[in-house]
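The primary structure of each chain is shown beneath.
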Amino acid sequence: MNINARFRTRPLSALALTAVTMAATAVIAPRASADVPAVTKVGNSVEVRCAAFTYHRDSDWYFPAGTPRGLVWLQHGFSRANDQLTDLANRYAAAGFVVFAPTLPSADLFGCTVSNLGNNTAFLDNVTDLFGKSADPNDKLGRSFTDAKNRAGRPDLALPQKLLFAGHSAGGEAVAYAANRLRTTYPAAFARLSGLILLDPVNSFIGLNMAKALNALAPTPLPMLAVSSPPYSANGNASGTVELTTDVHRPFLGVRLTSGSHCDAEGATTDRLCTVLNGTPQAPNVSALQTFATRWAIDFADGTHTASHYPGGTYYESLRTAGSIQTLSGT
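Computed from a predicted structure; not experimentally measured.

**Thoughts on the packing of aromatic side chains**
- In this structure the tally under the stated criterion is 17 aromatic pairs.
- Members of the aromatic cluster, joined through ring pairs, are W61, F63, W73, F100, F131, F145 and F165.
- Across the ring face of F97, the terminal group of R69 is positioned such that the distance to the ring centre comes to 6.0 Å.

Set out below in structure tokens:
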């Protein structure tokens, strides 16, 4: 596919338009996940370069009770923040991962944004730099982790070097871009990247960040799976999912929740900004998303294949035959 021949301009989704025009919105108070093993959450900041400046961005760290199996970068989407992904972050941590969830800007004079509103690639290069240099405890991510682990009472814990990137909405495009940037700039770190999980991914309003990234990653053995909702305005008519299934020619690329909402990834810690226009997540869909997202992450990190959670398996087929999910595959 000639990705250079395409240039997209899209109308703002209802969610994005509301985020830009509303100065204040009533929110639903976050609720903790009550049925997951003990997880320790610590909030601090991480340094990210933006043009000639250094931003100190809000970051949440989640620590599992035992020895971690890897590090998950969990990235929110446009007009959102890390707090909205607390429910899913808890699930990843309960599955044995250290989770790093930063808040990245949705608007910035210098283009340092999670979604491409002009040209955010220099900023995303700087975000990628966090992971490219994660083996250095004295670099930016290492310093943030050291502060967080000490606050969490885990001073002897080392930052896991096995990486997994997961992104929701525009965060899906950001993590895909970063994965490809690792491939081209930090090959040793890319070798430690075990997979991508895209949660109802959305292409930016302009540009080709996701297309370029997925086309470049497609020939690699990097696992890439998505959990998506049906096409509608909130997810740009499933623009990120269409990009994935167009660019990556593999027989299995994840699932679509047939009655899903764009807010499903946020689960119990979503808010009214998401739900009023995009629908309140249904418990069965949230459960399915969290189950697939965490099980696939475990398989990616451990090099296993839990057959029940893929086509032909018992859990997967129970949802498919009930009409709850559809299989995503490359075209």
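There is more to say after this.
**A few points about unusual backbone geometry**
- Unusually for a residue other than glycine, A51 sits at a positive phi of about 55°.
- Relative to the assigned elements, A51 resides in the loop between β1 (40-50) and β2 (53-63).
- Classification of A51 as exposed rests on a relative accessible area of 57%.

**Considerations on the pattern of salt bridges**
- Evaluation of the coordinates by the stated rule reveals 13 salt bridges.
- Between E266 and R80 there is a salt bridge whose closest N-O contact spans 2.8 Å. With E266 in the loop between β8 (254-257) and α9 (272-278) and R80 in the loop between β3 (70-75) and α2 (86-94), this pair connects stretches of sequence that are 186 residues apart. Just as E266 is buried, R80 falls in that class too.
- In this structure, K140 engages D139 in a salt bridge whose closest nitrogen and oxygen atoms are separated by 2.9 Å. Across the pair, exposure class does not vary: K140 and D139 are buried alike.
- When salt bridges that share partners are traced, they join R49, D129, K133, D139 and K140 into one network.

**A word on the state of the cysteines**
- Counted according to the given criterion, the structure contains two disulfides.
- With a sulfur-sulfur separation of 1.9 Å, C50 is cross-linked through a disulfide to C112. Taking the torsion about the S-S bond as the criterion, the C50 to C112 disulfide, at about 95°, is right-handed. With C50 in strand β1 and C112 in the loop between β4 (97-102) and α3 (121-132), this residue pair connects regions lying 62 residues apart in the sequence. Comparing C50 with C112, the two get one shared label, buried.
- Disulfide pairing places C263 opposite C274 at an S-S distance of 2.1 Å. Across the S-S bond of C263 and C274 the torsion is about -110°, and the bridge reads as left-handed. With C263 in the loop between β8 and α9 and C274 in helix α9, the pair connects residues that are 11 residues apart, well separated along the chain.

**With respect to a nonpolar patch on the surface**
- Residues F53, L109 and F110 make up a contiguous nonpolar surface patch of roughly 370 Å² in combined accessible area.
- With respect to the helices, strands and loops of the structure, F53 is situated in strand β2.
- Note on F53: relative accessible area 42%, which makes it partly exposed.

**Concerning the nonpolar core**
- Counting residues in each nonpolar core, the largest one holds 51 residues, and the members touching the most others are W61, F63, F100, F131, F165, L182 and L196.
- Sorting elements by how many residues they give to this core places helix α5 (residues 170-185) first, with seven residues.
- Not counting the four nearest positions on each side in its chain, F131 is found in contact with W73, F100, L141, L163, F165, L182, A189 and R192.
- The next biggest cluster of nonpolar side chains, apart from the first, holds 35 residues, and it includes V227, F292, A297 and A301.

Reading the values: the criteria
Numbering of residues starts from 1 in each chain and follows the order in which that chain's sequence is written. Whole-chain, interface and lining totals are the exception, using all residues; otherwise, since this is a predicted model, local features are given only for residues with pLDDT of at least 70 and side-chain atom pairs are given and counted only at 80 or more. Neither water nor hydrogens contribute to the side-chain values; these are computed over all heavy atoms in the structure. A pair of aromatic rings is counted whenever rings of Phe, Tyr or Trp (Trp by its six-membered ring) have centres within 6.5 Å, and the orientation is called stacked for planes under 30 degrees apart, edge-to-face for over 60 and tilted otherwise. The rule is short: NZ of Lys or CZ of Arg within 6 Å of the ring centre and within 35 degrees of the ring normal puts a charge over the ring. Only DSSP runs of H or I with at least four residues qualify as helices, and only runs of E with at least two residues qualify as strands; both kinds are numbered from the N terminus onward. Classification of residues uses two cut-offs on accessible area relative to the type maximum, computed with a 1.4 Å probe and protein chains only: under 20% is buried, over 50% is exposed, and between them is partly exposed. Note on definitions: salt bridges are taken to be side-chain nitrogens of Lys or Arg within 4 Å of carboxyl oxygens of Asp or Glu. When two cysteine sulfur atoms are found within 2.5 Å, that pair is recorded as a disulfide. Only residues whose relative accessible area exceeds 30% and that take part in no salt bridge are eligible for patches, with like-charged residues grouped when within 9 Å of each other and nonpolar side chains (Val, Leu, Ile, Met, Phe, Trp, Tyr) grouped when within 5 Å. In short, Shrake-Rupley with a 1.4 Å probe defines the accessible areas, and a residue's cover is counted only from the protein chains shown. Only buried residues count toward a nonpolar core, which is a set of Ala, Val, Leu, Ile, Met, Phe, Trp, Tyr and Cys residues joined through side-chain atoms within 4.5 Å. We call two residues in contact when some of their heavy atoms are within 4.5 Å.

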